[in-house]
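Single-letter residue listing:
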Protein chains: 2
Amino acid sequence: MRLYVERGYEQTTVADIASEAGLTARTFFRHFADKREVLFAGSEFLRDAVVKSLAGVPATAEPMQAVAVALDATAELLGRDHRHSRLRQSVIMATAELRERELIKMATMAALMAEGLRERGVPARDAALAAESGAVVLRVAFEQWVEGPADADLRAVMRDTLARLTAVTGAGFS
Amino acid sequence: MRLYVERGYEQTTVADIASEAGLTARTFFRHFADKREVLFAGSEFLRDAVVKSLAGVPATAEPMQAVAVALDATAELLGRDHRHSRLRQSVIMATAELRERELIKMATMAALMAEGLRERGVPARDAALAAESGAVVLRVAFEQWVEGPADADLRAVMRDTLARLTAVTGAGFS
DNA sequence: GTCGGTGATGTCATCACGTGACATCACTGG
DNA sequence: CCAGTGATGTCACGTGATGACATCACCGAC
């Protein structure tokens, strides 16, 4: 992370990182699948939290309500370290390669949410739409939170954003 | 495309592609930024169409209405060659690397739509939400269309999907 | 018709990413 | 104390990607 911030992601070689840690490049690749992954390790926790929180919602709830609960859970985890989040976000946004990885992680989370919803009896397309919408809210809210003051509450931002999504997608379709 | 289908994306080297075309790898990289890009060349047309169609919508329309128009325009272009779309989609979905690229192309389109909306006076967050929701509809609808019969109309699928999105995101938030 | 520029291509060298195979060494349970 | 296990190193290699320079065909100006 320090190296990525100092010289930029592309200017940092794996050999740099490894030797900074007193290791060899080969060892780096034993711990991280590729050069990008080092910034995304730990996202399994997030995915687990989403899946688990989704499983805890009563099956009678509307799909989007279930997604809202899952979003609350992710906000809980994601909203802990504002400083770190901001730094990480700035590195990721500066590099297309990293944005790609970020997007596919999001998509993976969305796919998991959709699967969770389908298991609860939600039709496939509705499940996909609800889950992807959840991912949209997560992205937009997180971005706003990261740019804002350090003491803001990510969960509150999420809830606001979700409300706005409902308003925006509803407007003109009554 | 043929090589990607025959042996898979990762098993196809740039040298393979180039020599198949009677050229060298160096020349390949003069035409395509990287090995993936060969599958995504031409997406500028799509982006242009979105931007242009968005510009044509009266400024009084609701943001999501404007997005709907843009979706119609993309469906027009995207829905022309079902066979090709299906083949391309199967290659992309089979490889994480290609899915990543696909996602960032989508995200770029969404960012353009959001910018277009902001220029029309839509607040930044609403613009982002509407545009990203549009991208969600596009993805979900396209997937469904690609898997379905060859004579289905992508525009119709899009409109259905958009309606479902409104229903799903609205349910439980009245 | 030739000259000179321009664009597309080839050749060569070079890096960085990523992986397989094998060796080494520290630690740990029996 | 020994055998096994896991983390690391070393080496070799294929592939993706880029810079520098050469070549060649084509085309307009004179």
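Since this is a predicted model, take the numbers as computed values, not measurements.

K.L.:
Tell me about the pattern of salt bridges, and name the residues and values.
P.N.:
Scanning the entire structure with this criterion turns up 29 salt bridges over all chains. Across the salt bridge formed by Arg101 of chain A and Glu100 of chain B, the nearest N and O atoms sit 3.1 Å from each other. Of this pair, Arg101 of chain A sits in helix H7 (residues 96–119) while Glu100 of chain B sits in helix H7 (residues 96–119), on two different chains. For the pair formed by Arg101 of chain A and Glu100 of chain B, the shared burial category is buried. Taken together, the salt bridges that share partners define one network made up of Asp34, Arg36, Glu37, Arg101 and Lys105 of chain A together with Glu100 of chain B.

K.L.:
So, the protein's contact with DNA strand D: which residues are in play, and what are the values?
P.N.:
Taken together, 16 residues lie around DNA strand D, and Thr24, Thr27, Arg30 and His31 of chain A together with Arg26 of chain B are the ones closest in. For DNA strand D, the fraction of protein-proximal atoms (within 4 Å) that sit in sugar or phosphate groups is 49%. For DNA strand D, a phosphate oxygen lies 2.4 Å from a polar atom in the side chain of Thr27 of chain A. The backbone of Lys35 of chain B places a nitrogen or oxygen atom 2.9 Å from a phosphate oxygen of DNA strand D. Mapped by element, the contributors of at least two residues to the surface near DNA strand D are helix H3 (25–31) of chain A together with helix H3 (25–31) of chain B. Looking at the surface near DNA strand D, the element that brings in the most residues is H3 of chain A, giving 4 residues. Class assignment of the residues belonging to the surface near DNA strand D gives a composition of 4 nonpolar, 6 polar and 6 charged.

Quick notes on the rules
Residues numbered from 1 in each chain as written. Chains lettered and ligands numbered in written order. Predicted model: local features only at pLDDT ≥ 70, side-chain atom pairs only at ≥ 80, totals over all residues. Heavy atoms only, no water. Salt bridge = Lys/Arg side-chain N within 4 Å of Asp/Glu carboxyl O. Helix = DSSP H or I, 4+ residues; strand = E, 2+ residues; numbered from the N terminus. Buried < 20%, exposed > 50% of the residue type's maximum accessible area, 1.4 Å probe, protein only. Near = heavy atom within 4 Å. Polar contact = N/O pair within 3.5 Å; in protein donor to acceptor, adjacent residues only side chain to side chain. Nonpolar A, V, L, I, M, F, W, Y, C, P; charged D, E, K, R; others polar.

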